[in-house]
Amino acid sequence: MIKTIITGHGNFATGLKSALELLSGEHKEIMAIDFTETMSEKDLAVELENVSKGNVAILYFTDFAGGTPFKEAAKISVLNKKIEVVSGCNLNALLESIFKEYDSVKAYAQDLVKITKDTAKLADFSEPISTKNFAEDGI
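All figures in this text were calculated on a predicted structure; none of them were measured in a lab.

Colleague: Give me the overall build of the protein chain: which residues, what numbers.
Modeller: Helix and strand content of the protein chain: six helices and four strands. Counted from the first residue to the last, the protein chain has its helices and strands arranged as β-α-β-α-β-α-β-α-α-α. Judged by the C-alpha coordinates and their principal axes, the protein chain covers about 55 × 35 × 25 Å. For the protein chain, the residues scored as buried account for 39% of the 139 residues in total. Of the contacts made within the protein chain by residues no fewer than 6 positions apart, 64% connect residues no fewer than 24 positions apart. Accessible surface computed for the protein chain: about 8,400 Å², of which carbon and sulfur atoms make up 55%. Side chains of the protein chain give 15 positive and 21 negative charges; the mean places of these two sets differ by 7 Å.

Next comes the structure, spelled out in structure tokens:
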């Protein structure tokens, strides 16, 4: 089993986990750690280190590359080959990936990035549309 730790600025982590659970139920292997305005970098580092203990594969799912949550997760991952860090992925990717089994945390990380790239869409209404099209497309 791979533990997923969502982290990001503000309530990104708890918000994303809440949305995920609304759509797919509770997932005990997924945790959320917010980096709030009252926290220092050190506070976040301590929280991330505490959930990273043990000999378990971990994927850190961060809001964006270069930010404090990404940076602190990356520091931990440098010391542990069973930890990967992804950034900028979306709810759709997390939702799709949690129902798959992966041989490694690296494969999980790579799939999250691929799914994000494949599912990011622009709503293009340049062609005439009808409400019939929405119903057929599941919207």
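Colleague: Describe in detail the side chain of aspartate 111, supporting the description with residues and values.
Modeller: When you line up the elements, aspartate 111 lands in helix α5 (residues 105-119). In this structure, aspartate 111 is in contact with Lys100 and Tyr102, ignoring residues within four places of it in sequence.

Colleague: Run through the pairing of strand β3 (residues 57-62), naming residues and quoting values.
Modeller: On a regular strand, each side chain points to the face opposite its neighbour's, so the side chains alternate between the two faces of the sheet. With six of six residues buried, β3 is to be regarded as a mostly interior element. By the alternation rule, side chains of β3 split into Ala57, Leu59 and Phe61 and Ile58, Tyr60 and Thr62, which are all buried. Inspection of the sheet shows strand β1 (residues 2-9) paired to β3 by six bridges, in the parallel sense. Note that in β3 the partner of threonine 4 across the bridge is leucine 59. Where β3 meets strand β4 (residues 83-87), five bridges bridge the pair, whose relative direction is parallel. Of the residues in β4, the one forming a bridge with isoleucine 58 is isoleucine 83. Tracing the backbone out of β3, into helix α3 (residues 68-78) and back to the parallel element β4 gives a crossover that is right-handed.

Colleague: Can you break down the environment of leucine 48 residue by residue, with the values?
Modeller: With respect to the helices and strands, leucine 48 occurs in helix α2 (residues 41-51). Judged by relative accessible area, leucine 48 falls into the buried class, the value being 0%. Taking the C-alpha atoms as reference points, leucine 48 and lysine 28, separated by 20 residues in sequence, lie 17 Å from one another. In this view, leucine 48 contacts Ile5, Thr7, Ile33, Tyr60, Pro69, Glu72, Ala73 and Ile76; residues no more than four positions away in its chain are not counted.

Colleague: Could you give me a rundown of the sheet that holds strand β2 (residues 30-35), with the residues and numbers involved?
Modeller: Within the open sheet, the four strands sit side by side as β2-β1-β3-β4. Their pairing is parallel. Across the chains shown, the open sheet's two edge strands, defined by having one partner strand only, are β2 and β4. Taking the axes of each pair of neighbouring strands and ignoring which way they run, one obtains an average angle of 20 degrees across the sheet. Here β1 pairs with β2 via six bridges, running parallel. Residue isoleucine 5 lies in a different strand from β2, and its bridge partner there is methionine 31. Against the sheet, α3 touches β1, β2, β3 and β4, its axis set at about 160 degrees to β4.

Colleague: Would you mind going over the layout of surface pockets in detail, with residue names and values included?
Modeller: Each pocket or cavity is described by its volume, and for the largest pocket that value is around 210 Å³. As for the largest pocket, its lining consists of Met1, Ile2, Thr4, Glu29, Ser97, Ile98, Lys100, Glu101, Tyr102 and Tyr108. Partitioning the lining of the largest pocket into residue classes produces five nonpolar, two polar and three charged.

Rules used in this analysis
Counting restarts for each chain, with residues numbered from 1 along the sequence as it is written. Given that this is a predicted model, residues contribute local features only at a pLDDT of at least 70 and side-chain atom pairs are listed and counted only at 80 or more, while totals for whole chains, interfaces and linings are drawn from all residues. To get the side-chain values, all heavy atoms of the structure are used, and hydrogens and water are removed first. Helix and strand labels come from DSSP, where a helix needs a run of H or I of at least four residues and a strand needs a run of E of at least two; each type is numbered from the N terminus. We call a residue buried when its accessible area falls under 20% of the maximum for its residue type, exposed when it is over 50%, and partly exposed in between, using a 1.4 Å probe and counting protein chains only. Throughout, a residue-residue contact means that at least one pair of heavy atoms, one from each residue, lies within 4.5 Å. Every accessible area reported is derived by Shrake-Rupley at a probe size of 1.4 Å, with residue values counting cover from the shown protein chains alone. Asp and Glu count as negative and Lys and Arg as positive, but His and the ends of the chain are not part of the count. Charge coordinates come from a single atom per side chain, which is NZ of Lys, CZ of Arg, CG of Asp or CD of Glu. Pairing between two strands requires that DSSP report at least two bridges joining them. Place the viewer so that the strands point away; then a crossover is right-handed whenever the path from the first strand over the helix to the second strand goes clockwise. Structural elements are reduced to axes, namely lines fitted to C-alpha atoms, with helices fitted over the stretch in contact, and the angle between N-to-C directions of any two is expressed from 0 to 180 degrees. In this analysis a 1.4 Å probe is tested at points of a 1 Å grid over the protein atoms alone, and where it fits but cannot get out there is a cavity; an open set with protein on both sides within 12 Å along at least five of seven lines is a pocket; lining residues have an atom within 4 Å of a point. Grid points are joined across faces, edges and corners, and a volume is the space filled by probe spheres set on the points. For this scheme, ten residues count as nonpolar: Ala, Val, Leu, Ile, Met, Phe, Trp, Tyr, Cys and Pro. Four count as charged, namely Asp, Glu, Lys and Arg, and the remainder, Gly too, count as polar.

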